[in-house]
Amino acid sequence: AQSVAQPEDQVNVAEGNPLTVKCTYSVSGNPYLFWYVQYPNRGLQFLLKYITGDNLVKGSYGFEAEFNKSQTSFHLKKPSALVSDSALYFCAVRDISGGSYIPTFGRGTSLIVHP
Amino acid sequence: ETGVTQTPRHLVMGMTNKKSLKCEQHLGHNAMYWYKQSAKKPLELMFVYSLEERVENNSVPSRFSPECPNSSHLFLHLHTLQPEDSALYLCASSQEGTSGTDTQYFGPGTRLTVL
């Protein structure tokens, strides 16, 4: 079984400050982990993913995420937030040992960056 | 966008109407998905077609009927819908298998309103 949790419905941050959007996961085997962003009235857009290798993954628009196996976390980070980063962010997990290619998505976290 | 197109972008229909949503992917992928996104609810996987085999969420009502005539096209046929079916319907595609990218690419969605 696979599951993912995004413990915060909303994250507020001032422009220029660092941001973190949290994600924790549960899988039986090894995870593939993904972050997606959704702007208003748009579909989900792929940001980055962890498959294997370096625990720090860099993605689009200056975002990065750190895979932490001991804490089963994959938090999304950005050193300096922009107002244009305001959007809905989804974490997703896929258990590569489970035989299913279908990922499970979190409930989403609304990021609001204040000018 | 991302190589996945959806039509129409907006649809308003009465409960007795029959309509269809269309999705087309231009990425050469071998799997396609329908998701339902409602306000304040998690992303709900409705149907998956992989290599033209159908996988479905058993909780999806029979008033939703998918069709996948080939690996590039996916339809969602709608009939006698209820107001609670109003939502954003998202199509996605991915390449599955040993050479798969594991990343889902989403279309912009169809905003459906049932009166």
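Residues numbered from 1 in each chain as written. Chains lettered and ligands numbered in written order. Predicted model: local features only at pLDDT ≥ 70, side-chain atom pairs only at ≥ 80, totals over all residues. Heavy atoms only, no water.

A. How the structure looks around the environment of Val 57 of chain A. All names here are of chain A. Tracing the chain through its elements places Val 57 in strand S7 (residues 56–58). The class for Val 57 is buried, based on a relative accessible area of 12%. Counting along the chain gives 15 residues from Val 57 to Arg 42, while the straight-line C-alpha distance between them is 25 Å. Those residues within four positions of Val 57 in sequence are excluded, and the remaining contacts are Leu 48, Lys 49, Tyr 50, Phe 63, Glu 64, Ala 65 and Phe 74. (Helix = DSSP H or I, 4+ residues; strand = E, 2+ residues; numbered from the N terminus. Buried < 20%, exposed > 50% of the residue type's maximum accessible area, 1.4 Å probe, protein only. Contact = heavy atoms within 4.5 Å.)

B. Local environment of the state of the cysteines. In this structure the tally under the stated criterion is two disulfides over all chains. Between the sulfur atoms of Cys 23 of chain A and its disulfide mate Cys 91 of chain A the distance is 2.0 Å. On the sign convention where negative means left-handed, the S-S torsion of about -60 degrees between Cys 23 of chain A and Cys 91 of chain A marks this disulfide as left-handed. Of this pair, Cys 23 of chain A sits in the loop between strand S3 (19–21) and strand S4 (24–26) while Cys 91 of chain A is found in strand S10 (residues 87–95), placing the two residues 68 residues apart along the sequence. For Cys 23 of chain A, a relative accessible area of 0% gives the class buried. Covalent S-S linkage joins Cys 23 of chain B and Cys 91 of chain B, the inter-sulfur distance amounting to 1.9 Å. The sign of the S-S torsion, about -75 degrees, decides the handedness of the disulfide formed by Cys 23 of chain B and Cys 91 of chain B: left-handed. (Disulfide = S-S within 2.5 Å.)

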